[in-house]
Amino acid sequence: MAEKRITKREYFGMLAEVVAKAELSVEKAEELQAFIGREVELLNKKSSGSKETKTQKENKALAEVVIAELGKMS
């Protein structure tokens with residue numbers, strides 16, 4: 001079975017854990033945690049703002065037609 005790839009979000013989570021456990025100055029640790037937080041926010045914003053592509057819209061319309069035709073057969 002294929003091995004699951006690690007996502008950017010998971011990598012940032014691991015980095016946050018490393019920073020929390022690292023012996024850094026409070027200022028450096030807070031700065032790194034803030035950076036990681038901003039990057040995760042950007043990933044969340046990017047994934048939530050995804051719009052349907054032209055092909056997806058076309059396929060959605062075709063799917064509705066197919067479903068309607070299948071409904072007539074029953």
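Source: prediction; values computed, not measured.

## Focus: the pattern of salt bridges
Under the criterion given, the structure shown has two salt bridges. Measuring nitrogen to oxygen at the nearest pair gives 2.9 Å for the salt bridge that ties Glu10 to Lys4. A salt bridge links Lys72 to Glu69; the nearest nitrogen and oxygen atoms lie 3.2 Å apart. Note that Lys72 and Glu69 are positioned in helix α3 (residues 54–73) at a spacing of three residues, about one turn of the helix. For Lys72, a relative accessible area of 62% gives the class exposed.

## What to know about the packing of helix α1 (residues 8–21) against helix α2 (residues 26–48)
Between α1 and α2, the least distance of the axes is 10 Å, while the angle of their chain directions is 165°. By the criterion of interaxial angle, the relationship of α1 to α2 is roughly antiparallel. The crossing of α1 and α2 is left-handed. Of the residues in α2, those touching α1 at Lys8, Arg9, Phe12, Leu15, Ala16, Val19 and Ala20 are Ala29, Leu32, Gln33, Phe35, Ile36, Glu39, Val40, Leu43, Asn44 and Ser47.

So, how was this worked out
Residues numbered from 1 in each chain as written. Predicted model: local features only at pLDDT ≥ 70, side-chain atom pairs only at ≥ 80, totals over all residues. Heavy atoms only, no water. Salt bridge = Lys/Arg side-chain N within 4 Å of Asp/Glu carboxyl O. Helix = DSSP H or I, 4+ residues; strand = E, 2+ residues; numbered from the N terminus. Buried < 20%, exposed > 50% of the residue type's maximum accessible area, 1.4 Å probe, protein only. Axes fitted to C-alpha atoms, helices over the stretch in contact; angles between N-to-C directions. Parallel < 35°, antiparallel > 145°, perpendicular 65-115°, else oblique. Left-handed = near helix turned anticlockwise from the far one by under 90°. Contact = heavy atoms within 4.5 Å.

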